[in-house]
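# Structural description and commentary
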Amino acid sequence: MHSVNIPFCGSLAVLMSFAALTIESVAMQAEALKFKPLESKIVPALLDNAKCTKFTCSGTQECVFREKTGLDNPKGIVLHYTASTNVPGTIRTYYERGVSAHVTVAPTGEIHSHFQNPEKYIAFHAGLSAWRDLERLNQYFLGIEVVNPGYRESCQELPLFGTPMQITGDNNWWYNFTEDQFISTAQLTARWQQLFAIPGRNVVTHSDICMVADVNFRKVDIGPRYDYKRAFEEFNAGYYPTAHEINLDKFHLTDDQYLELLHIYGYRNKDHSVKSFQMHFSPTNISGELNDRTKQDILNLCIDYYNYHDLYATEKLDPEYRSKLEEFIKRYQYEAAFSEFI
Ligand SMILES: [Zn+2]
C-alpha cells in the first residue's frame with residue numbers, strides 16, 4: 001500500500017527541502033528523531049467523482065471535489081473529526097453526501113491521501129464558513145478529517161477510542177483521539193504550513209469557522225479533546241498562546257468588546273465564537289459563557305498573538321492583526337491596561 005513517492009510533495013519537493021533548511025527548528029529536528037516520519041504513514045487513496053451516489057433533484061450526479069481554477073497556494077487548514085469510527089465508512093459517507101477532505105487520518109495514524117497535489121483541488125469540507133476576511137473556505141483551506149466518533153449524549157465505551165469524558169459546561173461525552181492519529185495530524189499540519197507558508201492563525205477547527213446559524217446544525221468538530229497546545233509546542237503545528245499573568249481588575253472590557261477581540265483574531269460567527277474559542281483555546285469550561293477564565297484566556301490570546309513570530313508565515317509579525325488590535329486599544333482608550341504587554 002505504501003508508495004515510495006511522497007504523494008503530495010510532487011514538484012514542490014525542491015522548494016520543500018529548501019524551506020526545511022531555512023526554517024527547520026531544533027524542535028522539528030527533535031521531532032523527526034522521536035516520531036515515525038510522516039512519509040511512512042501516507043497511503044494514497046484517490047477520490048473518484050464518478051463514484052458519487054448523491055444526485056440533485058433534477059437527476060444530475062453531484063461530485064465530491066473540484067479542480068481549482070487558480071494557482072494560489074492554500075491559505076489555511078481546517079481540522080475536523082468524521083463522527084465515525086473507521087476509514088471505509090468515512091469514504092462511503094463522502095460519496096453518499098457529496099463531501100470530502102484532502103486527507104482522512106485513520107485511528108492507526110495512517111494518512112489516507114485523497115489527492116496527489118492537494119493544493120490543486122477543492123475538497124468539500126468547510127460548508128458555510130468564514131475566517132478573518134475570507135468566506136466559503138473550501139476554495140482556500142485544506143481539510144484534514146480525523147476518524148473519531150466525536151461525542152455521544154451518554155457515556156458509551158468504544159473500541160480504539162475508549163471511555164469518553166464530560167467537560168465542564170457541556171453535557172456531551174467526548175472521545176479522545178488515538179496517540180498515533182494525533183501525532184500524524186500534528187505532523188501533517190506542520191508540514192503543510194511549512195510547504196504553503198500557512199500562518200498558525202489559519203489552522204482552525206470546523207467549529208471556529210462554521211457560519212451556520214441553526215444551533216442544531218452548527219459544527220463543533222474537531223472539538224475540545226484535540227490537544228492544540230501539545231500540537232503547537234511539540235510539533236510546531238497551528239498556534240497556541242503562552243500563558244501570561246492577566247489581572248482582570250486592570251481590564252474593564254464589556255462583553256461586546258471581548259467578542260470584538262475574538263472577531264479581530266478571526267472569529268466571524270458572533271453567536272458561537274465564545275464556545276468555539278473555549279473548545280480551541282480554553283478547554284476547561286466549554287459552556288459558551290464569558291466567565292472570568294474565558295476573559296483572561298481571550299486577552300491572553302490577543303496579547304500573545306500580537307507579539308508572536310510565526311514560524312511559517314511570510315510576515316513574521318502579523319501586520320493586519322497588529323494594526324486592528326492597536327486600533328481597538330486606541331478607540332476604547334485601553335492603552336494603560338494593555339501597556340504592560342503591548
Ligand atoms: Zn467538520
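Residues numbered from 1 in each chain as written. Predicted model: local features only at pLDDT ≥ 70, side-chain atom pairs only at ≥ 80, totals over all residues. Heavy atoms only, no water.

Overall, the coordinates contain 26 aromatic pairs when judged by the stated rule. Aromatic pair W131 and Y265: ring centres 5.9 Å apart, planes at 80°, arrangement edge-to-face. Of the two residues, W131 is situated in strand β7 (residues 130-131) and Y265 in helix α7 (residues 255-265); the sequence distance between them amounts to 134 residues. On the basis of relative accessibility, which here comes to 1%, the residue W131 falls in the buried class. Ring centres 5.8 Å apart and planes at 70° place the aromatic pair F232 and Y308 in the edge-to-face group. (Phe/Tyr/Trp six-rings, centres within 6.5 Å; stacked < 30°, edge-to-face > 60°. Helix = DSSP H or I, 4+ residues; strand = E, 2+ residues; numbered from the N terminus. Buried < 20%, exposed > 50% of the residue type's maximum accessible area, 1.4 Å probe, protein only.)

Now for the environment of S84. Within the fold, S84 resides in the loop between β3 (76-81) and α3 (87-97). Here S84 falls in the buried class, since its relative accessible area comes to 18%. Along the primary structure S84 and N148 are separated by 64 residues, whereas in three dimensions their C-alpha atoms are 5.6 Å apart. For S84, the residues in contact, after removing those within four places along its chain, are T90, V147, N148 and P149. A polar contact of 2.7 Å, which involves the side chain of S84, links it to the side chain of T90. (Contact = heavy atoms within 4.5 Å. Polar contact = N/O pair within 3.5 Å; in protein donor to acceptor, adjacent residues only side chain to side chain.)

Its place among the elements puts L262 in helix α7. Spatially, the C-alpha atom of L262 lies 7.9 Å from that of V274, the residues being 12 residues apart in sequence. Setting aside chain neighbours within four positions, we find L262 in contact with Y267, S273, V274, F277 and I298.

Now for the domain arrangement of the protein. What the domain assignment reports for the protein is domain 1 (1-240) and domain 2 (241-342). Between domain 1 and domain 2, the C-alpha centre-to-centre distance is 26 Å. On the domain 2 side, the residues contacting the 41 residues of domain 1 number 32 residues. It is R201, Y239 and Y240 in domain 1 that bury the most area against domain 2; as a group they hold 26% of the surface buried on that side. For the pair domain 1 and domain 2, the number of links is five salt bridges. (Domains from an automatic or database assignment. Buried area = accessible area lost by both parts, 1.4 Å probe. Salt bridge = Lys/Arg side-chain N within 4 Å of Asp/Glu carboxyl O.)

Glancing now at the packing of helix α9 (residues 292-306) against helix α10 (residues 319-331). At their nearest, the axes of α9 and α10 sit 10 Å apart, and the two run at 130° to each other. Looking at the two axes, α9 sits oblique to α10. Every pair of crossing elements has a handedness; the one defined by α9 and α10 is left-handed. Across the interface between the two elements, L301, C302, Y305 and Y306 of α9 pack against Y321, R322, L325 and E326 of α10. (Axes fitted to C-alpha atoms, helices over the stretch in contact; angles between N-to-C directions. Parallel < 35°, antiparallel > 145°, perpendicular 65-115°, else oblique. Left-handed = near helix turned anticlockwise from the far one by under 90°.)

The next point concerns the coordination of the zinc ion. Looking at the zinc ion, the protein donor atoms are H80 (ND1), H206 (ND1) and D221 (OD), and they sit 2.1 Å from it. Along the chain, the residues donating to the zinc ion fall in the pattern H-x125-H-x14-D. Of this pair, H206 sits in helix α5 (residues 206-209) while D221 sits in the loop between α5 and α6 (228-235), and the two are 15 residues apart along the sequence. Overall, the relative accessible area of 6% leaves H206 in the buried class. (Donors = N, O, S within 2.8 Å, 3.2 Å for Na, K, Ca; no water.)

All right, on to unusual backbone geometry then. Cis rather than trans, the peptide bond between D221 and I222 has omega equal to 10°. Position of I222 relative to the elements: it lies in the loop between α5 and α6. Despite not being glycine, L160 has its phi angle at roughly 75°, a positive value. Examined against the element boundaries, L160 turns out to sit in the loop between β10 (151-152) and β11 (173-174). Overall, L160 belongs to the exposed group, its relative accessible area being 63%. With a phi close to 55°, A197 is a non-glycine residue in the positive phi region. Looking at the secondary structure, you find A197 in the loop between α4 (179-196) and β12 (203-205). A relative accessible area of 31% means that A197 is categorised as partly exposed.

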